[in-house]
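Examining the three-dimensional arrangement
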Amino acid sequence: MERFNYNLQKSKHKHLEKEIFKTLILKGIKDEILEILNLIGKSDVFQLSYDDVCDLCIRYSRGISKTGKNSREFSSFLSKSATRTGDIRDETNDLFENFKVDFISSLNSQLQVL
């Protein structure tokens, strides 16, 4: 982000809209990093404002420097975390689905008795 902003200030295009800059930043980021930014930001980064995208990029960069991991190790860690979250979500959905089936069966039995 520092390099981008530095080059932007020296550019003759520094007066363009922030949305254009956001698009330029996001189009230049690898897909695996975009996935990480989506996880960190808890939403689709393309829907965020330019300032929010900049903050996310800085937070991601600081996270890598604090952990001492390179981007692949960091993305692997986040990917495993997301997989566990996905597994938990799937288990919860299965439990809820089973509950609905049991509830409807019970309700059906009670209606037949009436």
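The structure contained in this document is the topic of the report that follows. (Residues numbered from 1 in each chain as written. Predicted model: local features only at pLDDT ≥ 70, side-chain atom pairs only at ≥ 80, totals over all residues. Heavy atoms only, no water.)

1. Describing the pattern of salt bridges
When the charged atoms of two side chains lie near each other, side chains of opposite charge can form a pair. This is how it is decided: Salt bridge, as used here, is a side-chain nitrogen of Lys or Arg placed within 4 Å of a carboxyl oxygen of Asp or Glu. Here a strand is any run of E in DSSP of at least two residues, a helix any run of H or I of at least four, and the numbering for each starts at the N terminus. Throughout, exposure labels follow a simple rule: accessible area from a 1.4 Å probe, protein chains only, divided by the maximum for the residue type, with under 20% read as buried, over 50% as exposed, and the rest as partly exposed.
One pass over the full model with this rule turns up two salt bridges. Between Asp51 and Lys18 there is a salt bridge, and its shortest N-O distance comes to 3.4 Å. Taken together, the positions of Asp51 in helix H4 (residues 50-67) and Lys18 in helix H2 (residues 18-27) put the pair 33 residues apart, joining distant regions of the chain. Among the residues examined, Lys18 registers a relative accessible area of 46% and is labelled partly exposed.

2. Points about the nonpolar core
Heads up, the condition is: Here, nonpolar core refers to any group of buried Ala, Val, Leu, Ile, Met, Phe, Trp, Tyr and Cys residues whose side-chain atoms link them within 4.5 Å. Whether two residues are in contact is decided by their heavy atoms: any pair within 4.5 Å suffices.
Membership of the largest hydrophobic core comes to 18 residues, with the highest contact counts inside it found for Ile25, Ile29, Leu37 and Val45. When residues of this core are traced back to their parent elements, those giving at least two are H2, helix H3 (31-41) and H4. Residue contacts for Val45: discarding those within four places in its chain leaves Leu26, Leu34, Leu37, Asn38, Val53 and Leu56.

3. What to know about a nonpolar patch on the surface
Inclusion rule: The patches reported here contain residues having more than 30% relative accessible area and no salt bridge. Joining distances are 9 Å for like charges and 5 Å for nonpolar side chains (Val, Leu, Ile, Met, Phe, Trp, Tyr). Note on areas: these come from Shrake-Rupley sampling with a 1.4 Å probe, and a residue is covered only by the protein chains present in the view.
A contiguous nonpolar surface patch, about 260 Å² in accessible area, is contributed by Leu16, Ile20 and Leu24. Within the secondary structure, Leu24 is located in helix H2.

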